[in-house]
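Listed here are the chains, written in short residue letters.
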Amino acid sequence: MDRGMSLTAAGLMTFWISRLQETSRSLVGWLVLVADRTGVDELPGVFLQSSPPEPLLLDPGGASEPGAVGPLEDIRPQGLRDEQVVRTAGISSTSQVIEATKTGGRKDIVIARGGIPLLHKLKGQGMADCVSKVELSVSCTDLLDKDVFSKSDPLCVLLQSSGKDSWTELARTESLQNSSNVSFSQRLTVDYHFESVQNLKLEVYDIDNQSADLGDDDYLGGVELTLGQIVASKTLTRPLQLRNGKPAGKGSITDVWSNSDPFLEFFKQGDDGKWQLVHRTEVVKNNLSPTWKKFSVPMQKFCSSDLDRPLKVDCYDQENFGGHDLIGSFTTKVSELQKAGSGSPVTFDCIHPEKQKKKKSYKNSGVVTVKSCKMLSPYSFLDYVMGGCQINFTAGIDFTGSNGDPHSPNSLHDMSPDGLNQYLSALWSVGHVVQDYDTDKLFPVYGFGAKLPPDYQAANHEFALNLNNSYCKGIEGIIEAYTEAMPQLRFSEPTNLSPIINHISTFAGLSNDASQYFVLLILTAGEITDLDQTRDAIVRASRLPLSIIIVGVGPADFKAMELLDGDDGVLKSTVGEAVARHIVQFVPYRQFKDAPQASLAKSVLAEVPNQLVSYFKMRGLEPPKPATAAPKS
């Protein structure tokens, strides 16, 4: 069997990407609810919807009946305590949006992503956040066989870390019978937040009863990873492990034949030449001339945003025991499918390869007609990232005298007993998120405002932190370079930001497609002294693939920084030229001093996705189209 990699007993988990659509709508005072019967059917007024759940917009003035649920306080039953609502709905506060999806439960699991726009905004909150729903489509091969007289009945469950060793179930697929190689049709949905590290776990179980409790079902294996790794990787392969850390065992394929209930499966050709399932239609029962419903698939998921990427369509007869009978197949591409429309359908002969070999007179096993194919909606942040756009992270650190004597415990660069200070905490918080989107993990880091060895003459406003080639390997490499450089530097003045912005802008200006985007993090303790030059540098950078994050360290007055942020008006250069788009985000670190470390990253990175999309939209640049792998001889 062709498994794509050379492995022994260990299974694999492979991820591939699809496109998300993001929208922005005003939903003041409305509650967005996704509910399923499992775990919430005892709550009066909660809309109960069959699986898979879809997002619903619920009118706050509506009655407590299916389809028209009121605001949060109206759906909580009398006498039910807050902690019971929390436990039932799987949320941290009754003031949040409730999302309840169906609960319940591989060697090779293939995951593709698509998305549904979902905007959360409740009464009393400020500006709404745009939250993307990421859908994971799961396929399994070479699963363990746990049943004595048949193959396993696999089900996949998605969990997200809720802190320490605690995991919260988000969704689960349907259970498929008697198969070690399956493609689940029910997708797993999770909120995608670029600014956060989202730890996920996928577990596969052999389901032997009707109970939603997985405790009495056989565990077939699982894998842990971050959602950022999935989004940033066009294809990601991971071994599947048992709970003891050992590889999952090896399984085999079972073929079962039965009656004719046709459905279609669409595959795109991956860069490795293998076919990846991107969509499955519904089954049309007992019909030799079926008409399937219209469907919508994100472009990145369907064809990697490449209109000429090969597609394969298989037509099957569904069987009740997991195996399916191939009726026939055909190959095409989106550019051919687009010819369908305006009353001119496109037809394809459905060919069964074995029948074609046996009969010279064989023509086809039927004809599939595509009546319409259209491309809709704009590109999103994930289209670019999943198409291959690299986010290049760069940092600039203030070593001016405004930080205080570096040998004094009152210095802003002085490290606490745990080896951290505000500079390192900010670097770790932001860098830990961004590093998932940079393949080589080599981060240029610069210092400014210090005199350098060996002569310690004039202050340098743009020097490599490692005093060598500026590149640090990973976040750990940045911290190592910082601790080694500190004893060799002499703090000086002034606090100039324009040199480092101009330096990074030079590199950003070399990019002429959507393959590169730059994020510059500037950590500074002093009031800026080259405000006019920095304004001009930012206005020029607004026409480049660059976002700038400024974190103010210490107690200084940062009014000038707030001007650069532009939240209170459009930033203009010294000659009156306005920024082409908003690219600067400023926050004082003192606002996050006592908050969880991840809070800073959430705040400063939340605007980056929209800034990236706005730049490429301004330039009319489409997401990168990964090169198709050459066919194997």
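Refer to the preceding data block for the structure.
The sections below set out a description of the structure shown in this document. Computed from a predicted model, the values in this text were never measured in an experiment.

Here is what the cut-offs are and how they apply
Residues numbered from 1 in each chain as written. Predicted model: local features only at pLDDT ≥ 70, side-chain atom pairs only at ≥ 80, totals over all residues. Heavy atoms only, no water. Pairing = 2+ DSSP bridges. Helix = DSSP H or I, 4+ residues; strand = E, 2+ residues; numbered from the N terminus. Axes fitted to C-alpha atoms, helices over the stretch in contact; angles between N-to-C directions. Patch = residues over 30% accessible without salt bridge, like charges linked within 9 Å, V, L, I, M, F, W, Y side chains within 5 Å. Areas by Shrake-Rupley, 256 points an atom, 1.4 Å probe, with all protein chains shown as cover. Salt bridge = Lys/Arg side-chain N within 4 Å of Asp/Glu carboxyl O. Lys, Arg positive; Asp, Glu negative; His and termini not counted. Charge placed at Lys NZ, Arg CZ, Asp CG, Glu CD. Core = buried A, V, L, I, M, F, W, Y, C linked by side-chain atoms within 4.5 Å. Buried < 20%, exposed > 50% of the residue type's maximum accessible area, 1.4 Å probe, protein only. Contact = heavy atoms within 4.5 Å.

1. Focus: the sheet that holds strand β6 (residues 154-161)
Thought 1: If you walk across this open sheet you meet the four strands as β7-β6-β10-β11, and the pairing is antiparallel. The outermost strands of the open sheet, each flanked by one partner alone, are β7 (167-172) and β11 (218-226). With strand direction ignored, the average angle separating the axes of adjacent strands in the sheet is 25°.
Thought 2: Pairing of β6 with β7, which is carried by five bridges, proceeds in the antiparallel orientation. Note that in β7 the partner of Leu159 across the bridge is Glu169.

2. Things to note about a negative patch on the surface
Thought 1: A grouping of Asp208, Asp213, Asp216 and Asp218 is seen on the molecular surface, where their side chains present a negatively charged patch.
Thought 2: Locating Asp216 in the fold gives a position in the loop between β10 (199-206) and β11.

3. Notes on the nonpolar core
Proteins that are soluble and globular tend to have nonpolar side chains buried together.
Thought 1: Counting residues in each nonpolar core, the largest one holds 85 residues, and the members touching the most others are Phe399 and Leu605.
Thought 2: Setting aside anything within four residues of it in sequence, one finds Phe399 in contact with His413, Gly447, Phe448, Gly449, Ala450, Phe463, Leu465, Tyr482, Met486, Leu489, Phe491 and Ser492.
Thought 3: Counting residues in hydrophobic clusters, the runner-up holds 29 residues, among them Phe448, Phe558, Ile583 and Val584.

4. Quick word on the pattern of salt bridges
Thought 1: Scanning the entire structure with this criterion turns up nine salt bridges.
Thought 2: The residue Arg543 makes a salt bridge to Glu577 at a minimum N-O spacing of 3.4 Å. Of this pair, Arg543 sits in the loop between α11 (531-541) and β26 (546-552) while Glu577 sits in the loop between α12 (559-565) and β27 (584-588); the two residues are 34 residues apart in sequence, bridging distant segments of the chain.
Thought 3: A relative accessible area of 37% places Arg543 in the partly exposed class.
Thought 4: Where salt bridges share partners, they join Lys201, Glu203 and Glu224 into one cluster.

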